[in-house]
There are 2 protein chains.
Amino acid sequence: MENNDFLERLFAGDARTIARAITRIESGAAGASDLMKAVFPRTGKATIIGITGSPGAGKSSLVDKLALFYKERGERVGIVCIDPSSPFSGGAILGDRIRMATLGLDKNVFIRSMATRGNLGGLSRATVDAVAILDAAGFDKVIVETVGVGQDEVEIIKTADVSVVVLVPGMGDDIQAIKAGIMEIGDVFVINKADREGVLRTQKELEALLSLAHRPDMWNPPIVRTIATENKGIEELAAAIENYNGFVGTDAGSNLTRKRSIARWRLVELLRERLLSDLLNQNGTTVRLDSLADEIAEKKKDPYSAVDELIGLK
Amino acid sequence: MENNDFLERLFAGDARTIARAITRIESGAAGASDLMKAVFPRTGKATIIGITGSPGAGKSSLVDKLALFYKERGERVGIVCIDPSSPFSGGAILGDRIRMATLGLDKNVFIRSMATRGNLGGLSRATVDAVAILDAAGFDKVIVETVGVGQDEVEIIKTADVSVVVLVPGMGDDIQAIKAGIMEIGDVFVINKADREGVLRTQKELEALLSLAHRPDMWNPPIVRTIATENKGIEELAAAIENYNGFVGTDAGSNLTRKRSIARWRLVELLRERLLSDLLNQNGTTVRLDSLADEIAEKKKDPYSAVDELIGLK
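Please read these numbers as outputs of a predicted model, since none were measured by experiment. Every chain is numbered on its own, with residues counted from 1 as its sequence reads. Chain letters start at A and ligand numbers start at 1, both assigned in the order the entries are written. Per-residue local features are limited, in this predicted model, to residues with pLDDT of at least 70; the limit for side-chain atom pairs, both in listing and counting, is 80 or more; totals at the level of whole chains, interfaces and linings are taken over all residues.

Peer 1: Describe the overall build of chain A, with residues and values.
Peer 2: In terms of regular secondary structure, chain A is built from 13 helices and seven strands. Backbone-placed C-beta atoms define the burial measure: a residue is buried with 20 or more other C-beta atoms within 10 Å of its own, exposed with 12 or fewer, and partly exposed in between. Counting all 314 residues of chain A, 52% fall into the buried class. Distance between backbone-placed C-beta atoms decides contact: two residues are in contact if it is within 7 Å. The long-range fraction of contacts in chain A, counting pairs at least 24 apart against all pairs at least 6 apart in sequence, stands at 75%. In DSSP terms, a helix is any run of H or I states spanning at least four residues, a strand is any run of E spanning at least two, and both are numbered starting from the N terminus.

Peer 1: Got a sec to walk through the environment of Ala239 of chain B? Specific residues and values, please.
Peer 2: All names here are of chain B. Turning to its location among the elements, Ala239 is positioned in helix α10 (residues 234-249). What makes Ala239 partly exposed here is the crowd of 13 C-beta atoms within 10 Å. Distance from Ala239 to Ala32, taken between C-alpha atoms, is 35 Å for residues 207 residues apart in sequence.

Peer 1: Please set out the nonpolar core residue by residue, giving values where relevant.
Peer 2: Nonpolar side chains tend toward joint burial in soluble globular proteins. Residues enter a nonpolar core if they are buried, belong to Ala, Val, Leu, Ile, Met, Phe, Trp, Tyr or Cys, and are joined to the set through C-beta atoms within 7 Å. Core analysis: the largest hydrophobic core is formed by 172 residues, its most contacted members being Leu134 and Leu267 of chain A together with Leu134 and Leu267 of chain B. Setting aside anything within four residues of it in sequence, one finds Leu134 of chain B in contact with Ile18, Ala46, Gly78, Val80, Phe110, Phe139 and Val142 of chain B.

Peer 1: So what about the confidence of the model for chain A? Which residues, and what values?
Peer 2: Low pLDDT marks regions whose predicted coordinates should not be analysed in detail. All names here are of chain A. Predicted confidence across chain A gives a mean pLDDT of 83, with 82% of residues reaching 70 or more. The predictor attaches a confidence to each residue, called pLDDT, with possible values from 0 through 100. Mean pLDDT values over the elements of chain A span from 45, in helix α8 (residues 175-179), up to 96, in strand β7 (residues 223-225). Across residues 86-91 the pLDDT falls below 50, and counting only partners more than four positions away or on other chains, this stretch makes eight contacts in the model. Low pLDDT, under 50, characterises residues 172-180; the predicted model gives this stretch 27 contacts beyond four residues in sequence or across chains. Confidence estimates for the predicted assembly give a pTM of 0.79 and an ipTM of 0.84.

Peer 1: Which residues make up helix α2 (residues 15-26) of chain A, and what values do they have?
Peer 2: In an α-helix there are 3.6 residues to a turn, and that puts residues three or four apart on one side. All names here are of chain A. What a helix should span is 1.5 Å times the count of its residues minus one. Here α2 contains 12 residues, and its C-alpha end-to-end distance of 17 Å stays within 8% of the 16 Å for a straight helix at 1.5 Å per residue. Those residues of α2 that sit buried are Ile18, Ala21, Ile22, Ile25 and Glu26. The buried residues of α2 all sit within an arc of 140 degrees when viewed along its axis, so they share a single face. When the buried face of α2 is taken as reference, the exposed residues oriented beyond 90 degrees from it are Arg16 and Thr23. Taken from the residues just after α2, Gly28 is the one with a positive phi, measuring 145 degrees. The reported arc concerns the directions from the helix axis to the C-beta atoms and nothing else.

Peer 1: Give a description of the packing of helix α4 (residues 59-72) of chain A against helix α10 (residues 234-249) of chain A that names residues and reports values.
Peer 2: Residue and element names in this part refer to chain A. Here an axis means a line fitted to C-alpha atoms, over the contact stretch when the element is a helix, while the angle between two N-to-C directions is reported on a 0 to 180 degree scale. Across the interface, α4 lies against α10 with an axial gap of 10 Å and an inter-helix angle of 75 degrees. With respect to each other, α4 and α10 are oriented roughly perpendicular. Contacts from Lys65, Leu66 and Phe69 of α4 reach α10 at Ile234, Glu235, Leu237 and Ala238. When the residues that make up the contact of α4 with α10 are grouped by side-chain class, the tally is five nonpolar, no polar and two charged. Put simply, angles under 35 degrees are roughly parallel, angles over 145 are roughly antiparallel, angles from 65 to 115 are roughly perpendicular, and the rest are oblique. Residues are grouped as follows: Ala, Val, Leu, Ile, Met, Phe, Trp, Tyr, Cys and Pro are nonpolar; Asp, Glu, Lys and Arg are charged; every other residue, Gly included, is polar.

Peer 1: Requested: an account of the pairing of strand β5 (residues 162-167) of chain A, with residues and values cited.
Peer 2: All names here are of chain A. In terms of burial, β5 is largely enclosed, as six of its six residues are buried. Looking at chain direction, strand β1 (residues 47-53) and β5 are connected through five bridges and run parallel. Within β5, the residue paired with Thr52 across the bridge is Val165. DSSP-based pairing: two strands are paired if at least 2 bridges between them are found. Pairing between β5 and strand β6 (residues 188-191): four bridges, direction parallel. The residue bridging Leu167 from the neighbouring strand is Ile191, located in β6.

Peer 1: I'd like to hear about α10 of chain A, residue by residue, with values.
Peer 2: Residues and elements named next belong to chain A. Taking 1.5 Å of rise per residue, 16 residues should cover 22 Å, and α10 covers 23 Å from first to last C-alpha, within 8% of that figure. Within α10, the full set of buried residues consists of Ile234, Leu237, Ala240, Ile241 and Tyr244. For α10, the angular spread of buried residues about the axis comes to 120 degrees, placing them on one side. Exposed residues pointing more than 90 degrees away from the buried face of α10 are listed as Ala239, Gly246 and Gly249. Buried residues along α10 sit in contact with β1, α4, β5, β6 and β7.

Peer 1: Can you tell me about the environment of Leu276 of chain B, naming the residues and giving the values?
Peer 2: All names here are of chain B. Examined against the element boundaries, Leu276 turns out to sit in helix α11 (residues 252-280). By C-beta crowding, Leu276 is classed as buried, having 23 other C-beta atoms within 10 Å. C-alpha separation for the pair Leu276 and Lys300, spaced 24 residues apart in sequence, amounts to 24 Å.

Peer 1: Outline the packing of helix α12 (residues 285-297) of chain A against helix α13 (residues 303-312) of chain A, supporting the account with residue identities and numerical values.
Peer 2: The description of two packed helices rests on the angle between their axes and on the distance between the axes. All names here are of chain A. Packing of α12 against α13 brings their axes to within 10 Å, and their N-to-C directions diverge by 165 degrees. For the element pair α12 / α13, the angle class is roughly antiparallel. The crossing of α12 and α13 is right-handed. Here Thr285, Arg288, Leu289, Leu292 and Ile296 of α12 come into contact with α13, specifically with Pro303, Ala306, Glu309 and Leu310. Along the lines of polarity and charge, the residues of the contact of α12 with α13 split into six nonpolar, one polar and two charged. Note on convention: the crossing is left-handed when the near helix lies turned anticlockwise from the far helix by less than a right angle, right-handed when the turn is clockwise.

Peer 1: So what about unusual backbone geometry? Which residues, and what values?
Peer 2: All names here are of chain A. The phi dihedral of Lys193 falls on the positive side, at around 55 degrees, and the residue is not glycine. In this structure, Lys193 sits in the loop between β6 and α9 (199-212). Although it is not a glycine, Asn231 sits at a positive phi angle of roughly 65 degrees. Mapped onto the elements, Asn231 comes out in the loop between β7 and α10.

Peer 1: Quick one: what's the story with the environment of Trp265 of chain A, residue by residue and with numbers?
Peer 2: All names here are of chain A. Note that Trp265 resides in helix α11 (residues 252-280). For Trp265, a count of 20 C-beta atoms within 10 Å translates into the label buried. C-alpha separation for the pair Trp265 and Trp219, spaced 46 residues apart in sequence, amounts to 23 Å.

In structure tokens, the structure reads:
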């Protein structure tokens, strides 16, 4: 059961309480359960903006400038950053502190990095929960930023109301940029570092690619040019995000389809984590898992037979 | 039970049989079980090379040239490419065909893309299984190439014998390249497109970063400059890979520690997938899952209560 005071402070947007709530949901689905049951009915007011793109595209600067733009307009902004760095590196925490200094640490901006926590997974689930907490805590905009570009990151970005894909000039000449599969998830495209050579070419190539794609909702994703470090193009980006959000709002049917598919994905993620942790929390299972891993490493047993054994322990 | 003929053709390296085997393990852990139990004892001979880096770094060209180098040396090379593209885009299959044409389609080179298959996961497990199949099929080198850079991709690359991280000049000026956490997993670093401006600066910055990192095994990761499109630096890369592999071979203790942690990760991945599929394969669970997802989308129920319900069905 959640303490009522705790929930009250959370819903009032108290930064320390939000931080503690996110730490709790990071610890695992079991610990998160009661808290999230209380949080869920308060969600649905914030606009969730997902921002992705390859490392080096300048996403952090872009997110910071966009957050400042919203803040100056009088809105409250939460930022959740998914960082695949090693939990041992401490890079995420240090990065948060640097960015908090830039953004101005006050009630209206909150930033938090979610790092990979060992191999028990749950990062996607924890990230979506953190977004829900910020939503319930009254932030007008919640920005989810991924540092990496992988399958989990793509799934997480898909849960946003608006997905923004950030590119840089000179990347478009490489077919890998397309293969990364992020083209299909962008509602808005940004060419950042637009003062660099090759911006026109990147724009042309992106336009060509987008003209090939056919979205079921008939939305034509705009391309916004920015120079985040000089604060250029940020207002245009905010306008493009708002346009898409308005466009979706006019089609309640397709919006519900999207929300259903997000809910299903979320449910499966949660289920996956719960099933594993329920099994591993049984007496002796973790010890057995470790000794089976040793046997596999020594090639005395194959992983599939080992799993049969662990499932048999249920 | 696996057909003996099928296994014989697989272990003899027959391309069509290998392709069918990989398709089977992609379908899910349950279908993969018998096949992988037969495959596992035949593994351990190939050198597994993991290659990662951001989109646009030219990884595909680099992998192709490295594969050709091995092939010309008389070795057999398998390539497994992890591609987060939508399974609907068909990009992966098209890409394979183009690359097969470049590499020369014969018994000595095999290439296969593994794409994200819906939201039931299992991509990491399937990829590691595909590598094991190629190993058992007698390939001397198996190259695992990730298109994205995300947490799953980092985990998969860690299961390789040698991990290669590919950078390009001009990326080093961005702190995000560091934050992507790929620095810590590189046994060998490549600066590709080394004819571009800024190569010296990237090299200096990379050297500075690497001097800060302290590896438990005391290995000092080399930096190799390549221009993959002109076939430059490939021999040096192959030599660096061989050096690291020789270095690891001299320290059986730390090698076993690494193999244990890989085995444990693999076991957990497999367990996660099996637990979920066992539950979803029960009569009526999938239907209940879908209707609960609808209730969540309509905000009539929170995801945590829905999971409690589904767990209760066990």
